[in-house]
Amino acid sequence: MAVPNDKKKWFILIGVDFYMRGDTRHDQDGRPLEYPNLEGCVRDISLLYRFILGTLKVDRSQILKLTATPNGKDSNEPKEDATQGPTCENIIRLMKTVTASAEPGDIVHIHYSGHGGQVKTKYPELKGPNGYDEAIVPYDINCGGIYLRDVEVAELLEEMVKKKLVVTVVLDSCHSGSAVRGPGSRGPVSRGIGKVDYSVLPESDIPWNLSAIIRSSYRDAGRLPQEGWLLESKGYELLAACRLNEMAYEITDHDEDGHRHGALTHFLLKALKSSDANLTHSTLHRKILADIQNHHFQEPFDYLQQTPIFAGNGKRIFFGSGEGHHASNITVQAVKAWDNIILGVGAAQGISIGWEYVLYPWDASDFSVTRSSPTISITEVRDFESQGKLSDGHFEGITPGWQAVPAKTPVRKLPVKFVQGHSNNDQWEKLRKVLCSDVFDSPIEVIPDNDQRGTEFQIGMDDDDRFILCDTSNKPVPTFPSSKCPKLLLHRLTLWPNMKCFYSPGTPFTVKDGGAVYTRFKNLTSEPVNLTIFDFQPLQGITQIYPLNSDFETVLPGDERRPGFMLTIPEQLSSMTTVFDVLKAFVTIRATSFRSLEQPDIEPDAARGSTHYQHYDELEQLLNTLDVPHRGSAPPKSTIGAWATSEITISITRN
C-alpha cells in the first residue's frame, strides 16, 4: 500500500496465545469456564510489527507491544516477562501512555488478537441487572485476572478522541457468547469460549479509578450504553472480526507458511501488501469481508459464520488522517468460472436477471469505462447474492473483493396524463419540448385523454404555474415536490417510482419542525437479525440513518433498540408548511448491505443538463418486492424468512 506520511504514528499491539490455567470462572449454572490457549495471536502481532517497521518505517519507540506465548506444556507462565504481560492493568497503561505522549492529529492504531468474552455486567446501573459486558480477555483471566470491559475501552478511546488523536481499533477476537460448532483437529479454531461468564469475584476497581469515572461520566451525561458497545464509533474507526452472534476464527493458510493466523489479521495484511494505493477503511473492509467469506464458504469450512464489520468514517485512509475516494459499490463475492461470478447482492436489493455491471479491481478509485473493463450480465438471482456471466469469457485476474458498478438496468416508464385546464400554456409547451428532446430517456409515458388506459397519477399545475403530481381524483400528492422547471420535474419523476409505494391517503404521524421521532424495535424471533433504517426524504433523497457508521445493527433474540431521529424541513423547502418523510426498516437474517441504494437530495428548481434514469430502478425493484401491506406493522414474531420490512410516514409541520 501507499504509505501516508502526513502525521506521526503510534501503535498498540496486543497478542494473547497463552492463558494461565485456573478455576475461578464459571457459567450461569456454576459449571467451570476456562479460556484455552490459542496459536495464531502472537504470530499476528509479529507479522504486523514487521510490516509497521519495514513498510511504514515507524520508529520502534512508537510501537508498544504486549504478548503472551506458551512456555511449554507444563508451565503456567508465559515465555515473556510476566510483569509485562497483557493484563488489564498493562493494557490500560499502554493506552494511557500513548494518549499522554501523542500530539493532537497523531495517528493511533490499536490491534488486539486474542479471546473475546461476554461476562455478567459490572455496571448494572448502566446496563440493567441482566445486562452483560463484552470484554477483551487478558492472559491471567482464568486465575482471577480482570476483564477489560466494553465501556472501559470506550472511555479510554474517548480520552484519545478528546485530545484529537486519529484512532483506529482492530479487534481480531470474538465479542459474543453465542454457541459455536467445535473445531476439528486442524480446522479453524474460535477466539472465544461460547459461554457467558457469570463469576462474581471480589475484584477491586481497575487501575486509574476508571470504573468510578465511567459511572460518573454516564450518570452526569445521561448516557445509556447499548449492546454492541464500540460500534457506536464516536470519533474513531473500528474493524471487528465478526458480528455479535458469530465467532472469530484462526485459520491455516497452506499457501504461505502453513501456520495459524487470525482470519481478520491474515487477510488485512494480505490486502495491505497487495496494493500500491492509498487504501480507505471501507475499501479494506470490503476486500477482507469478501476474502473471509470466500474462504469460509468453501468446504470443509462452509459451516463457519464470520462477518467482519466496520464502523466509522469509511473515507479515512488506513494508517492516515486524510480521506480518499469512497463509493458504495457492490462486491464480487466469489469467482468460480467465466459464467459463475457471484455478487454480494440479490433479491433483497432488488436485483433482476439481465442487469449489467462493469467490474473494477478491489482497490480502484477510477470508475470510468474503457474497452478493457469486464462486464457481467446477471443470469440468476438468489436472496442475498446474484450470479452473472462475463461478456467476453475471460475471468483471469478477477478476484473476490472486486467492485461492481451498475452499467445497465431496464427502464420502465411511469404512465401519466396531463391535466391542463386553464393553466399556463407556455409552461406546458416547455415541458413538451423537453419530452421531445429526451424522448428515449423520458421517465414517463404520456397517455392521451382519449386513451382508455388507466393511470395512477396525473401531472397538473398549481396557481403559481408550478408542475405538481396529482392522484386520479386530481388531489396533489403531498410527498412529491412541485417545480417550475420541466427538466427537474422529469428528474423527480425518474425517482418517483422509488417513492410512490409510500404514498397513502391515510393519516401519517405528525411532528413539529425540528422535533424528534423515537422508534422501538424488538427481536421476537429465535435467531439474530440485522436492522437497517432508511429515511426517504422530502427532496427525494434516500439515506441510511441507522446505524450511521456501519451497514447494519445486529440484534440478538429478545434484545431491542430504540433509535431516535430529529426531523426538519429542508431549507430548500422553506416556503412549504408541511413536508413528508418516510422511515423504513429493513430486517435481514443474513448480513447484507443496502448502501448502494442511497441517493442524494434534489435541489429544487435547479435545472439539470442530463439525468441518469437507469440507476434508480434498482431501488424500485427492492421496494416493490419488500413492501408490506400495513404501515407501522411490526416484524413477525416467528422466523422472518430471508428478510422483512416495515415503514411509517411522518408529516413534518412548521411551528
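Computed from a predicted model, the values in this text were never measured in an experiment.

Student: Looking at this structure, how should I read the side chain of Asp535?
Tutor: Within the element layout of this structure, Asp535 appears in strand E29 (residues 529–536). Leave out the neighbours within four places in its chain, and Asp535 touches Gly541, Ile542, Thr543, Ile545, Leu567, Asp581, Val582 and Leu583.

Student: Just checking my understanding: could you explain the nonpolar core for this structure?
Tutor: The nonpolar side chains of soluble globular proteins are, as a tendency, buried together. In this structure, Ile110, Leu157, Met160 and Val167 are the most contacted members of the largest nonpolar core, which totals 46 residues. Of all elements in the fold, only strand E1 (9–16), strand E4 (63–68), helix H2 (88–101), strand E5 (107–113), strand E7 (132–136), helix H4 (150–162), strand E9 (166–172) and strand E12 (236–240) reach the threshold of two or more residues within this core. It is H2 that contributes the most residues to this core, 6 residues altogether. Not counting chain neighbours up to four residues away, the residues in contact with Met160 comprise Ile12, Met95, Val98, Thr99, Val108, Ile110, Leu165 and Val167. In this structure, Ile45, Phe267, Leu284 and Ile288 belong to the second largest nonpolar core, which totals 35 residues.

Student: Sorry if this is basic, but what is going on with the sheet that holds strand E24 (residues 457–461) here?
Tutor: Two pairing modes exist for strands in a sheet, parallel and antiparallel, and in both the strands are linked by backbone hydrogen bonds. In spatial order, the strands read E23-E22-E24-E25; together these 4 strands make up an open sheet with mixed pairing. The sheet is open, and its two borders are formed by strand E23 (444–446) and strand E25 (467–470), each paired with just one other strand. Across the sheet, the mean angle from the axis of one strand to that of its neighbour is 35°, orientation sign disregarded. As judged from the 3 bridges shared by strand E22 (residues 414–418) and E23, these two strands associate in the parallel manner. Across the sheet, residue Leu414 finds its bridge partner in E23, namely Ile444.

Student: Got a minute to help me understand the side chain of Asn90 in this structure?
Tutor: You can see Asn90 is positioned in helix H2. For Asn90, a relative accessible area of 8% translates into the label buried. Those residues in contact with Asn90 that lie beyond four places of it in its chain are Leu66, Thr83, Gln84 and Gly85.

Student: Looking at this structure, I do not really get H2. What am I missing?
Tutor: One turn of the α-helix equals 3.6 residues, which is why residues spaced by three or four share an orientation. Under the 1.5 Å per step criterion, the end-to-end length of H2 is 20 Å for 14 residues, consistent within 8% with the ideal 20 Å. Among the residues of H2, those classed as buried are Cys88, Asn90, Ile91, Ile92, Leu94, Met95, Val98 and Thr99.

Student: I'm lost on the pairing of strand E27 (residues 515–518) in this one. Help?
Tutor: In summary, the side chains of a regular strand alternate between the two faces of the sheet. Here E27 shows a buried face lined by Gly515 and Val517 and an unburied face lined by Ala516 and Tyr518. In this structure, E27 lies alongside strand E33 (residues 564–567), joined through 4 bridges in antiparallel fashion. The residue of E33 that forms the bridge with Ala516 is Met566.

Student: Looking at this model, I keep getting lost on the pattern of salt bridges. Mind explaining?
Tutor: Side chains carrying opposite charge are able to pair once their charged atoms draw close together. Within the structure shown, the criterion is met by 19 salt bridges. Look at the salt bridges and you will find they share partners, linking Glu380, Arg382, Glu385 and Arg590 into a network.

Student: What am I meant to see in the packing of aromatic side chains here?
Tutor: Two descriptors summarise a pair of aromatic rings, namely the distance from one centre to the other and the angle between the planes of the rings. Within the structure shown, the criterion is met by 13 aromatic pairs. A centroid spacing of 6.4 Å and a plane angle of 75° characterise the contact between Tyr35 and Tyr147, whose relative ring orientation is edge-to-face. Highlighted residues: Tyr35 in the loop between strand E3 (32–33) and helix H1 (41–54) and Tyr147 in the loop between E7 and strand E8 (148–149), separated in sequence by 112 residues. By the burial criterion, Tyr35 is buried, and Tyr147 matches it. Here Tyr360 and Phe367 contribute two aromatic rings whose centre-to-centre distance is 5.1 Å and whose plane-to-plane angle is 90°, an arrangement assigned as edge-to-face. Of note, Lys65 hangs over the ring of Tyr49, and the distance from its end group to the ring centre comes to 4.2 Å.

What counts, and at which threshold
Residues numbered from 1 in each chain as written. Predicted model: local features only at pLDDT ≥ 70, side-chain atom pairs only at ≥ 80, totals over all residues. Heavy atoms only, no water. Helix = DSSP H or I, 4+ residues; strand = E, 2+ residues; numbered from the N terminus. Contact = heavy atoms within 4.5 Å. Core = buried A, V, L, I, M, F, W, Y, C linked by side-chain atoms within 4.5 Å. Buried < 20%, exposed > 50% of the residue type's maximum accessible area, 1.4 Å probe, protein only. Pairing = 2+ DSSP bridges. Axes fitted to C-alpha atoms, helices over the stretch in contact; angles between N-to-C directions. Expected span 1.5 Å × (residues − 1). Salt bridge = Lys/Arg side-chain N within 4 Å of Asp/Glu carboxyl O. Phe/Tyr/Trp six-rings, centres within 6.5 Å; stacked < 30°, edge-to-face > 60°. Lys NZ or Arg CZ within 6 Å of the ring centre and 35° of its normal.

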